[in-house]
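Structural overview for review
Spelled out, the chains give:
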Amino acid sequence: MIVRPCTGIGIHQTETDSSYNPDMRILHILDHSLPLQSGYVFRTLSILEHQRKLGWQTFHLTTPRHKQKILPVETVDGWEFYRTPPVSSIAGRLPVFREFAEMEATTRRLDEVIRDIKPDILHAHSPVLNAIPAIRAGKRHGIPVNYEIRALWEDAGVSHGSHSEWGLRYRAIRALETHAIRRADSITTICQGLKDEIGSRGIAGDKVTIIPNAVDVDSFSTDMEPDVGLTAELGMSGKTVIGFVGSFYHYEGLHLLLQAMPDIIAADPNIRLLMVGGGDEADRLNHQAVELGIADAVIFTGRVHHSEVQRYYSLIDVLVYPRLKIRLTDLVTPLKPLEAMAQNKIVIASDIGGHNELITDGVTGDLFRADDPKAVCGGDKLDHGSGGFSCRG
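Below, the structure is looked at part by part. (Residues numbered from 1 in each chain as written. Predicted model: local features only at pLDDT ≥ 70, side-chain atom pairs only at ≥ 80, totals over all residues. Heavy atoms only, no water.)

A few words on the overall build of the protein. Scanning the protein from terminus to terminus reveals 13 helices and 16 strands. Relative to the 2.2 N^0.38 estimate, which gives 21 Å for 393 residues, the radius of gyration of the protein is 22 Å and therefore close to what a compact globule would have. Taken along its principal axes, the extent of the C-alpha atoms in the protein is 65 × 45 × 40 Å. When each of the 393 residues of the protein is scored for burial, the buried share is 55%. In the protein, once contacts between residues fewer than 6 apart in sequence are set aside, the share between residues at least 24 apart is 69%. If you sum the accessible surface of the protein, you get close to 17100 Å²; carbon and sulfur atoms cover 51% of it. The centroid of the 41 positive side-chain charges in the protein is displaced by 7 Å from the centroid of its 50 negative side-chain charges. (Helix = DSSP H or I, 4+ residues; strand = E, 2+ residues; numbered from the N terminus. Rg over C-alpha atoms; globule rule 2.2 N^0.38 Å. Buried < 20%, exposed > 50% of the residue type's maximum accessible area, 1.4 Å probe, protein only. Contact = heavy atoms within 4.5 Å. Areas by Shrake-Rupley, 256 points an atom, 1.4 Å probe, with all protein chains shown as cover. Lys, Arg positive; Asp, Glu negative; His and termini not counted. Charge placed at Lys NZ, Arg CZ, Asp CG, Glu CD.)

Further remarks concern unusual backbone geometry. For the bond running from Leu34 to Pro35, omega is 10°, close enough to zero to count as cis. Mapping Pro35 onto the fold places it in the loop between β1 (25-30) and α1 (39-53). Cis geometry marks the peptide bond from Ser126 to Pro127, where omega comes out at 5°. Here Pro127 lies in the loop between β5 (121-125) and α3 (128-141). Phi at Asp371 is positive, roughly 70°, even though this residue is not glycine.

On to the pairing of strand β3 (residues 73-76). The two faces of β3 differ: Glu74 and Val76 on one face are buried, but Val73 and Thr75 on the other face are not. As paired strands, β3 and strand β4 (residues 79-83) are joined by 4 bridges and run antiparallel to one another. Note that in β4 the partner of Val76 across the bridge is Trp79. (Pairing = 2+ DSSP bridges.)

Taken together, the 8 strands give an open sheet; going across it, the order is β3-β4-β2-β1-β5-β6-β7-β8, and neighbouring strands pair in mixed fashion. On the outer flanks of this sheet lie β3 and β8 (208-210), each paired with one strand and no other. Strand-to-strand, the axes of this sheet are offset by a mean angle of 25°, without reference to chain direction. By the bridge criterion, 2 bridges tie strand β2 (residues 57-62) to β4 in an arrangement that is parallel. In the strand pairing of β4, Leu61 is matched with Tyr82. On top of the sheet, helix α2 (residues 97-117) reaches β1, β2, β3, β4 and β5; it is set at about 160° to β1, its chief contact. (Axes fitted to C-alpha atoms, helices over the stretch in contact; angles between N-to-C directions.)

Moving on, we come to a nonpolar patch on the surface. Where nonpolar side chains cluster on the molecular surface, the patch consists of Ile90, Leu94, Val96, Phe97 and Phe100 and spans about 510 Å² of accessible area. Relative to the elements of secondary structure, Phe100 occurs in helix α2. (Patch = residues over 30% accessible without salt bridge, like charges linked within 9 Å, V, L, I, M, F, W, Y side chains within 5 Å. Salt bridge = Lys/Arg side-chain N within 4 Å of Asp/Glu carboxyl O.)

The end-to-end C-alpha separation of α1 is 21 Å, in line with the 21 Å expected for 15 residues at 1.5 Å each. Within the sequence span of α1, burial applies to Tyr40, Val41, Phe42, Arg43, Thr44, Leu45, Ile47, Leu48, His50 and Gln51. Buried residues along α1 sit in contact with β1, β2, β4, β5, α3 and β6 (145-149). A positive phi of about 90° marks Gly55, the residue just after α1. (Expected span 1.5 Å × (residues − 1).)

A separate point is the nonpolar core. Counting residues in hydrophobic clusters, the biggest one holds 54 residues, and the most contacted among them are Leu234, Ile242, Met261, Leu273, Leu274, Met275 and Val320. When residues in this core are grouped by element, the largest group, 7 residues, is from helix α8 (residues 254-267). One finds Ile117, Trp153, Ile173 and Cys191 within the second-largest nonpolar core, a separate group that totals 41 residues. (Core = buried A, V, L, I, M, F, W, Y, C linked by side-chain atoms within 4.5 Å.)

Put simply, the second largest pocket is a space of about 650 Å³. In terms of lining, the second largest pocket is formed by 29 residues, of which the most central are Phe42, Leu45, Ser46, Ser219 and His306. Here the lining of the second largest pocket takes 8 residues from α1, the largest share from any one element. Of the residues assigned to the lining of the second largest pocket, the class counts are 15 nonpolar, 8 polar and 6 charged. (1 Å grid on protein atoms, 1.4 Å probe; cavity = no way out; pocket = protein on both sides within 12 Å on 5 of 7 lines; lining within 4 Å. Points joined across faces, edges and corners; volume = space filled by probe spheres on them. Nonpolar A, V, L, I, M, F, W, Y, C, P; charged D, E, K, R; others polar.)

A few words on empty space enclosed by the protein. Within this structure, the stated rule accounts for 1 cavity of 30 Å³ or more. Its volume calculated, the largest cavity comes out at about 30 Å³. As for the largest cavity, its lining consists of Leu30, His32, Ser33, Leu34, Val41, Thr44, Leu45, Leu48 and Phe81. Among the elements that take part in the lining of the largest cavity, α1 stands out by supplying 4 residues, more than any other.

Now the structure itself:
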């Protein structure tokens, strides 16, 4: 959905409600924040900006998982953040014990901040390690809690290799997540897939509000000319450019895109692949490009500041999102395809649940068979012969 983001609050108030508070004070509990850059951070900022446009006051607390140089209070790009110090005890170095120590530290810090700012609502953002302290503090101080679920922590852990699906740790985390969902006063989530999953745990539908991932169309241009200086710098003059902009996690399936590139280049030697971003898979993907003999046709930019990303988008003809088919990607909608769609770019994506919820195949983008490198930019979806890319209807 390409719209301006909503306020992110699932505890409903309208201007006609007798309880409506135009001066609402909302304390957000966050996994991480600026100066870090991620989809998580950008969605958070959009919510904060739109809440403030309503006249509401927002306050922001990060947990020990922020993992940056810690000051009690820090201002970044005009946003003030209360910080929770990292856990320094022996328990903080041991799995499971570390997570419980982090929740205890967050709860203590929340008590301090709540006494200081006296919020009307606690808005806990994923993961559940934020929700549990918020619920504890909310009960103690008599403040309602909205829990915003962007992904379920048990599934996110599988994607990062922390545990196996349906193993003992997975089941324990799932039970903790369900406990938090039941105890929160309201739930917001980003897509229908997650709402359905929450409902399968016995949660009433009217407790859950979808605040979908979205982009502000005013922030993007549909007719931006390629950045001439950047084109020359990257050696892209006269080239047809396939691109990916985002984080390099394994579940993004970027290794499949690289596997597909030799056949794509054989069909059209004028094609280049532009990979904008960084992450856990960056070194492995660089090595893979060398091993496949396509290093000269693949440009890795590294991480790019958010203010510069539009320049890179201007060079790309086709955006590809080859996410792997796992439980996480079937349930969760990504943000990046919406940025591409807002710019009228050609979008090609794997047919996982999250993409199916965003993209109408053959209308707003093209879907290919997930987990299959031969299907990436191939089959009957695209014509990448002379004259560049076009979608086949």
